[in-house]
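Given next are the chains, with one letter for each unit.
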Amino acid sequence: MSRSFVVTGGGRGIGRAVVERLLGADDTVVALELDRAALEWTEDRPEVLAVVGDAGDEAVAEQAADLAQSAGTLFGWVNNAAVFRDASLDSAPTREILDLIALNFDPVLVGCATAIRRFLDADSGGAIVNVSSHQAQRPVPGSLPYSTAKAAVEGLTRALAVEYGPRGIRVNAVALGSIRTERYDTWLAKQRASDAEDIEKQMALLHPVGRIGSPEEAADAVAYLLSDDASFINGAVVPVDGGRSVLARDPEEPRSAS
């Protein structure tokens, strides 16, 4: 039986890695992405169906679900789309901060609602993975909107797991550490060489494994939580952070890189 998945923010970075990881012999993945250019790589990949739009828009989410179900049994949904934009209460209007929180939380709520309704209508069960961050539990200065939204995502994950677990729907989350995405590399390339070297050393110190993660490592964790191998995992927030949350080192604290 062919299966299908939906991955929001599936055009690049972690989202694209998840899309690539979920593709099987007969499986189809719908990549939902706001940036049309980020989906150009899907044009010669018939097993990847592209939807351009806002993951927080219910009509767009429904379109993605329709497309997925036209290709096979909807098996899993990954809420990965996110916006990284810092703001602080003393310098930004309250309305702006609320809107930034919504930019990161609304797509997850809409994605969960769409997936759960489709799973229930099909009486098929299913799995959802929400992508969270270590910052949900350990924010850094300036990250208020992002950290608040991710904390809400983790609360939503647990609430849905309790409510829909008895109906065959599992909901889990991955709390990612720093991941070497295109965005990270672009930002690092803008730094002076000496600063970039220092940043890399500091990032290694923040993660007990001695480095930041790769999109593929994040995708492996997501794929596992969606799979039948994780059939008894529900309501979990799984750290995929190289031990960063265990170490709990403050990234703003001056320290030696030695």
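In this text, all values refer to a predicted model and were calculated from it rather than measured experimentally.

1. Quick word on the packing of aromatic side chains
Any aromatic ring pair is given by two values, namely how distant the centres are and how the planes are angled relative to each other. The final tally for this structure, using the stated rule, is two aromatic pairs. Aromatic side chains phenylalanine 84 and tyrosine 146 sit 5.0 Å apart centroid to centroid with 35° between the ring planes, which places their arrangement in the tilted category. Of this pair, phenylalanine 84 sits in the loop between β4 (73-79) and α3 (94-122) while tyrosine 146 sits in helix α4 (residues 144-164), and the two are 62 residues apart along the sequence. Judged by its relative accessible area of 45%, phenylalanine 84 is partly exposed. Judged by relative accessible area, which is 9%, tyrosine 146 ranks as buried. Over the ring of tryptophan 41 we find arginine 16, and its NZ or CZ is 4.1 Å from the ring centre.

2. Quick notes on the environment of alanine 71
Along the chain, alanine 71 falls in helix α2 (residues 58-71). The partly exposed category is assigned to alanine 71, whose relative accessible area is 25%. Residues alanine 71 and aspartate 198, spaced 127 residues apart in sequence, show a C-alpha to C-alpha distance of 48 Å. In this view, alanine 71 contacts Ser2, Thr28 and Leu49; residues no more than four positions away in its chain are not counted.

3. Side note on α2
When the terminal C-alpha atoms of α2 are compared, their 20 Å separation across 14 residues agrees well with the 20 Å that a helix rising 1.5 Å per residue should span. All of the buried residues in α2 are Val60, Ala61, Ala64, Ala65 and Ala68. Along the axis of α2, the buried residues cluster in a sector spanning 140°; they form a single face. Away from its buried face by more than 90 degrees, α2 exposes Ala59 and Ser70. On its buried face, α2 sits against β1 (3-8), β2 (28-33), β3 (48-52), β4 and α3. If you check the start of α2, you find a side-chain oxygen 2.8 Å away from the backbone N of alanine 59, and it comes from aspartate 57.

Conventions and cut-offs
- Residues numbered from 1 in each chain as written.
- Predicted model: local features only at pLDDT ≥ 70, side-chain atom pairs only at ≥ 80, totals over all residues.
- Heavy atoms only, no water.
- Phe/Tyr/Trp six-rings, centres within 6.5 Å; stacked < 30°, edge-to-face > 60°.
- Helix = DSSP H or I, 4+ residues; strand = E, 2+ residues; numbered from the N terminus.
- Buried < 20%, exposed > 50% of the residue type's maximum accessible area, 1.4 Å probe, protein only.
- Lys NZ or Arg CZ within 6 Å of the ring centre and 35° of its normal.
- Contact = heavy atoms within 4.5 Å.
- Expected span 1.5 Å × (residues − 1).
- Arc of directions from axis to C-beta.
- Polar contact = N/O pair within 3.5 Å; in protein donor to acceptor, adjacent residues only side chain to side chain.

Spatial relationships are all this shows, so hold off on functional conclusions.
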